[in-house]
Amino acid sequence: LPPQTSLQQVRCVASSAGGPWLALKTYIEEIDPIAAKTKGYCNLDGEDCVVDPEPSADKVSKKRAAARRVGTTYAYDFIGLLATATLASWQQRVAELEAAGAEIPEIPDVADLLVAKEILFDEEDDEFGVSTKNEREVGTNDVGMLAWDCIFKTPEYSQGRRVVLIANDVTYQSGSFGVKEDDFFAKVSNFAAVNKIPRVYLSSNSGARIGLVDALKSEIGVQWIDEKNPNAGFEYLYLTPEQLETLPQGCVEVNDVNDKGHHEITAIIGAGDQVSDGIGVENLRGSGTIAGVTSRAYRETFTLSYVTGRSVGIGAYLVRLGQRVIQMKKGPMILTGYQALNKLLGKSVYTSQDQLGGPQIMVPNGVTHKVVEDDFEGVRAILHWLSFVPDAPNKKSTYIQPALLPPHADPIDRPVTNKPPAVLSDYDVRQMLDDKIGGGFFDKGSFVESLAGWGKTVVTGRARLGGIPFGVIAVETRTVEAVIPADPANAASRESILPQAGGVWYPDSAAKTAQALEDFNNGEHLPVMIFANWRGFSGGTRDMYHEVLKFGARIVDALTVYSRPVFVYLPPNAELRGGAWVVIDPTINPNGMMEMYADPLSRGGILEPPGIVEVKFRDNERKNLARRLDPEIPGLDHDAADQRLHTIAPAYLQVATEFADLHDRAGRMKAKGVIREIVSWEDSRKYFYWRAKRRLAIDALVFSIIEAYSDSMSFAQALDIVQSFCAENELDWNDDKAIAEYIEANQDQASHLIARAKKRAILDEFKQLVDQADADIIAQAKAML
């Protein structure tokens, strides 16, 4: 410090007590020169002095405490948690890049990692009825639903991406859904869906709001059957004419005054301030509205729900209708409370809400995708999921931006060394996908499994290949168990444990496959890798009864409308048989989004070789083969020849099985055109990276051209235009790497191609109008021009 510089002692306090998350305040300590003790704290201007810079408990602190009592975090504090989680994601990414010796990107300023503007009702906004124009202090909300329009600067989107966050305020009427809450939720959801902004819902509530018109409790009269014996019952409730005159118009429906001077009450409605929040069917109407809004939002944008506390009734339905669910360990999803069920049953059967909708129920039944221990882990899971989602999720022409991992962080051209063994019974397919040490198919450490506790013969999740986010579907080859819990309400009920063989689709795993495809396609728009290794569907009586056929058909439905590339790949020692092939055959998708590949060691066919031999290479044919090939049989008499045939029958059964197996090899699949290419497992990572990158680049151009023609052009016609563009630039249509690199390096030419398509579309439309117009209209048009 320069000479004669005086030092000033200050105190910095980071506190959330005032509302905002960890707001920083700096105070100058005013020292008593005699006692040498601090006598006050002032701001840097020497004003606004206080005795204690540590704020005492206020209304916000009380709300935080109330939220903690029900096992969740105060809704406003999730903004701070998300900001902290965003910083943690940057720190993790930097550590990964440093370990790989890669270039470290510039981390945004901490204050800019998350900018959240609260969304409020806005009567002046004619389109949505909500906006971020106005502000209010934390904790002053008069509605139990909150929302924010957020800009996150994440490692994948360092320039920022928008996310709409909706949350129940559990400290306001227990987070229940009234008329205003439903209206606000619907308007914010519509705002997110129309603008194609990912919508995240933080759920902690007590369901639809219930109540009574309390103002009438002190007014009603009772006409008893026997006034001296109330237990004999009553005839009706009533109001006197004098009472009726003092009540708001329309608050009750009554009969005309009777001979006792009573207006018998036939319906209590409530009016004005008596039912400002809604108390009954009006809330159910609102619940129905937001249920429909949420269902549509799933198809229109990316939806994700985090169950941070108990979610009841419509709260639970909203979570399910948004499809993708993260559940906190202590956040049950229920339709009604366990106490109400016990009362209905007339005995104490259930002891907690977890028995009805805790993770032990919602994970095995496929509602919950992921379980977390606490809210910080929950918000990190939200951000991780969003890292796989494109910034504009439902614009087909939007190229999916890869994750911010340079290729040399996990080299794309490295061989895939973790190879499935010939005997798959003890093999964990997750090791094939990502063994966490850089030997699996996907980028090291990038695979995140979802729906792990449901439909266990199928493994689903998300991963990255060379930084490109992918949806993943693979096959569990080991025998697993499906556990069906006992129902405490039924004394005769017992827990059931059902073994399920690996490599087979059961009703639950078929439904899981379809659900995963729908999630990948709706809002996420991920390319998909399906590592096919199914012997077929389980077609026994129980599984047919449990709708395995319906769920298998649902897989076809999902693939028919899939809008991103789907790569079906048979890895080494895998087999794809019968109906399992049918439901994932590439011809299902009309726009050519599906492609099938096979490793040289894979197999595909209708029946397994031992089965087809019993039908198409029977014992007599095998004996004829033996008589033709065996050198000893021609010299033997009949009995000896029969004995010889019996002795060598096992060997010729193996020969016949091998003969049948040769029909199932990848060479025949390629020759018959049912697969696009034979790809070895060792080279698959590099091959599919460039294939995916090329498909995404080409498809982005194709969809842009289709949009230019207002969706009147077919996918095949638009693809022909792009193919001509590649030919004009002397690109080999079969060279994935060359095409991907050229389009990436020549975005100006790609933009020019789209601009030409738009001009051509306008000219075609004009020509069509002219062709349909009569002479007078053409003459008028020429005069105008």
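Report follows, based on the coordinates. (Residues numbered from 1 in each chain as written. Predicted model: local features only at pLDDT ≥ 70, side-chain atom pairs only at ≥ 80, totals over all residues. Heavy atoms only, no water.)

### Focus: the overall build of the chain
Put simply, the rule reads: Where helices and strands are cited, they refer to DSSP runs of H or I of at least four residues and of E of at least two residues respectively, numbered from the N terminus. Using a 1.4 Å probe on the protein chains alone, a residue whose accessible area is under 20% of its type maximum counts as buried, one over 50% counts as exposed, and one in between counts as partly exposed. Here, residues are in contact when the closest pair of their heavy atoms is within 4.5 Å. For every accessible area listed, the method is Shrake-Rupley and the probe measures 1.4 Å; residues are considered covered only by the protein chains on display. Residues counted as positive are Lys and Arg, residues counted as negative are Asp and Glu, and His and the chain ends are not counted. A charged residue contributes its charge at one atom only: NZ of Lys, CZ of Arg, CG of Asp or CD of Glu.
Helix and strand counts for the chain stand at 24 helices and 31 strands. The 785 residues of the chain split such that 48% are buried. Long-range contacts, defined as pairs at least 24 residues apart, comprise 66% of the intrachain contacts of the chain with a sequence gap of at least 6. As displayed, the chain offers around 38,700 Å² of accessible surface, 53% of which is attributable to carbon and sulfur atoms. Side-chain charges in the chain split into 82 positive and 108 negative, and the spacing between the mean points of these groups amounts to 4 Å.

### Some thoughts on the nonpolar core
Using the following cut-off: Here, the term nonpolar core denotes a set of buried Ala, Val, Leu, Ile, Met, Phe, Trp, Tyr and Cys residues that are joined through side-chain atoms within 4.5 Å.
Counting residues in each nonpolar core, the largest one holds 37 residues, and the members touching the most others are Trp-505, Trp-534, Ile-555, Leu-576 and Ile-584. Among the secondary structure elements, those contributing two or more residues to this core are β21 (468-475), α12 (507-524), β25 (528-531), α14 (548-560), β27 (566-570), α15 (578-582), β29 (594-598) and α19 (666-671). In terms of residue count, α12 provides more of this core than any other element does, six residues in total. Judged by nonpolar contacts, the second largest core, of 35 residues, contains Ala-67, Tyr-76, Ala-85 and Val-138.

### Observations concerning the packing of helix α16 (residues 609-616) against helix α18 (residues 638-662)
Stated formally: Between N-to-C directions, angles cover 0 to 180 degrees, with each direction set by a line fitted to C-alpha atoms, over the stretch in contact for helices. Angle categories are assigned with fixed cut-offs, so that under 35 degrees is roughly parallel, over 145 is roughly antiparallel, 65 to 115 is roughly perpendicular, and the rest are oblique. Under the scheme applied here, ten amino acids are nonpolar (Ala, Val, Leu, Ile, Met, Phe, Trp, Tyr, Cys and Pro), four are charged (Asp, Glu, Lys and Arg), and all others, including Gly, are polar.
Between α16 and α18, the shortest axis-to-axis distance is 9 Å and the interhelical angle comes to 105°. What the angle tells us is that α16 and α18 run roughly perpendicular. On α18, the residues that touch Pro-609, Pro-610, Ile-612, Val-613 and Glu-614 of α16 are Leu-653, Ala-656, Thr-657, Ala-660 and Asp-661. The residue makeup of the contact of α16 with α18, split by class, is seven nonpolar, one polar and two charged.

### Section: the pairing of strand β8 (residues 161-168)
Applied cut-off: One requirement defines pairing of two strands: DSSP has to find at least two bridges between them.
Among the eight residues that make up β8, seven are buried, leaving the element largely enclosed by the rest of the structure. The pairing of strand β7 (residues 145-152) with β8 spans eight bridges and is antiparallel. Bridge pairing in β8 places Asp-149 opposite Val-164. The pairing of β8 with strand β9 (residues 199-203) spans four bridges and is parallel.

### Comments concerning the sheet that holds strand β10 (residues 221-224)
Across the sheet, four strands lie side by side as β10-β11-β13-β12; this open sheet has antiparallel pairing. Lying at the two open borders of the sheet, with one neighbouring strand each, are β10 and β12 (252-254). Taken pair by pair, the neighbouring strands of this sheet meet at an average axis angle of 50°, ignoring direction. Two elements, β12 and strand β13 (residues 263-268), share three bridges in a ladder whose sense is antiparallel. Within β13, the position partnered with Glu-253 by the bridge is Ala-267.

### Overview of the sheet that holds β8
Pairing between the strands of a sheet is mediated by backbone hydrogen bonds and can be parallel or antiparallel. Taken in spatial order, the seven strands make up an open sheet running β4-β7-β8-β9-β14-β16-β18, and their pairing is mixed. With partners counted over all chains shown, the strands left at the sheet margins are β4 (114-118) and β18 (370-372), one partner each. With direction set aside, neighbouring strand axes in the sheet form an average angle of 20°. Sheet strands in contact with helix α6 (residues 314-321) are β9, β14 (303-307) and β16 (325-328), and its direction is about 150° off that of β9.

### Here we look at the side chain of Thr-86
Just so we agree on the cut-off: Two N or O atoms form a polar contact when they lie within 3.5 Å of each other; inside protein one atom must be a possible hydrogen donor and the other a possible acceptor, and for residues adjacent in sequence the pair counts only when both atoms belong to side chains.
Inspection of the secondary structure assignment puts Thr-86 in helix α2 (residues 77-99). Looking at Thr-86, its side chain comes within polar contact range of the main-chain oxygen of Leu-82, at 2.7 Å. For Thr-86, the residues in contact, after removing those within four places along its chain, are Leu-113, Phe-152, Lys-153, Thr-154 and Leu-383.

### Observations concerning the side chain of Glu-156
Turning to its location among the elements, Glu-156 is positioned in the loop between β7 and β8. Take Glu-156: its relative accessible area is 8%, and that puts it in the buried class. Side-chain polar atoms of Glu-156 contact the side chain of Arg-93, separated by 3.1 Å.

### Things to note about the packing of aromatic side chains
Stated formally: Within 6.5 Å between ring centres, the rings of Phe, Tyr and Trp (the latter by its six-membered ring) count as paired, and their orientation is classed by plane angle as stacked under 30 degrees, edge-to-face over 60, tilted in between. Sitting over a ring, as applied to charges here, requires NZ of Lys or CZ of Arg to be within 6 Å of the ring centre and within 35 degrees of the ring normal.
Summed over the entire model, instances satisfying the criterion amount to 29 aromatic pairs. Between Trp-505 and Trp-534, the aromatic rings sit 3.8 Å apart at their centres with planes inclined by 15°, giving stacked as the arrangement. Placement of Trp-505 in strand β24 (residues 504-505) and of Trp-534 in the loop between β25 and β26 (536-537) is noted, with a sequence separation of 29 residues between them. Put simply, the rings of Phe-441, Phe-442, Phe-470, Phe-531, Phe-567, Tyr-569, Tyr-597, Trp-681, Tyr-687 and Phe-688 pair up and form one aromatic cluster. Its end group placed over the ring of Phe-388, Arg-464 keeps NZ or CZ at 4.3 Å from the ring centre. Between Arg-694 and the ring centre of Trp-733, over which it is positioned, the NZ or CZ distance is 4.5 Å.

### Some points on the pattern of salt bridges
To keep things clear, this is the line we draw: Counted as salt bridges are all cases of a side-chain nitrogen of Lys or Arg within 4 Å of a carboxyl oxygen of Asp or Glu.
On inspection of all chains with the given rule, the structure shows 41 salt bridges. Where Asp-149 meets Arg-162, a salt bridge forms, and the shortest distance between an N and an O atom there is 2.5 Å. With a gap of 13 residues between them, Asp-149 in strand β7 and Arg-162 in strand β8 connect regions that are remote in the sequence. Arg-209 serves as the salt-bridge partner of Glu-181, at 3.0 Å between the closest nitrogen and oxygen. Taken together, the positions of Glu-181 in helix α3 (residues 179-194) and Arg-209 in the loop between β9 and β10 put the pair 28 residues apart, joining distant regions of the chain.

### A word on the environment of Ser-158
Looking at the secondary structure, you find Ser-158 in the loop between β7 and β8. By relative accessible area, which is 25% here, Ser-158 ends up partly exposed. For the pair Ser-158 and Val-10, spaced 148 residues apart in the sequence, the C-alpha separation amounts to 35 Å. When sequence neighbours within four positions are dropped, the list of residues in contact with Ser-158 reads Trp-90, Pro-108 and Lys-153.

### Some thoughts on a nonpolar patch on the surface
Spelled out, the test is: Nonpolar side chains (Val, Leu, Ile, Met, Phe, Trp, Tyr) are joined into patches within 5 Å and like charges within 9 Å, using only residues with over 30% relative accessible area and no salt bridge.
There is a patch of nonpolar side chains on the surface, built from Ile-606, Leu-607, Ile-612 and Val-615 and spanning about 360 Å² of accessible area. Along the chain, Leu-607 turns up in the loop between β30 (603-605) and α16. Residue class for Leu-607 comes out partly exposed when judged on its relative accessible area of 42%.

### Topic: the packing of helix α20 (residues 684-708) against helix α21 (residues 715-728)
Defined as follows: In a left-handed crossing the near helix is turned counterclockwise from the far helix by less than a right angle, and in a right-handed crossing that turn is clockwise.
Interhelical geometry of α20 versus α21 gives an angle of 120° and a closest axis separation of 9 Å. Relative to α21, the element α20 is oriented oblique. For the crossing formed where α20 meets α21, the hand is right-handed. Contacts from Ile-698, Asp-699, Leu-701, Val-702, Phe-703, Ile-705 and Ile-706 in α20 reach Phe-715, Ala-718, Leu-719, Ile-721, Val-722 and Cys-726 in α21.

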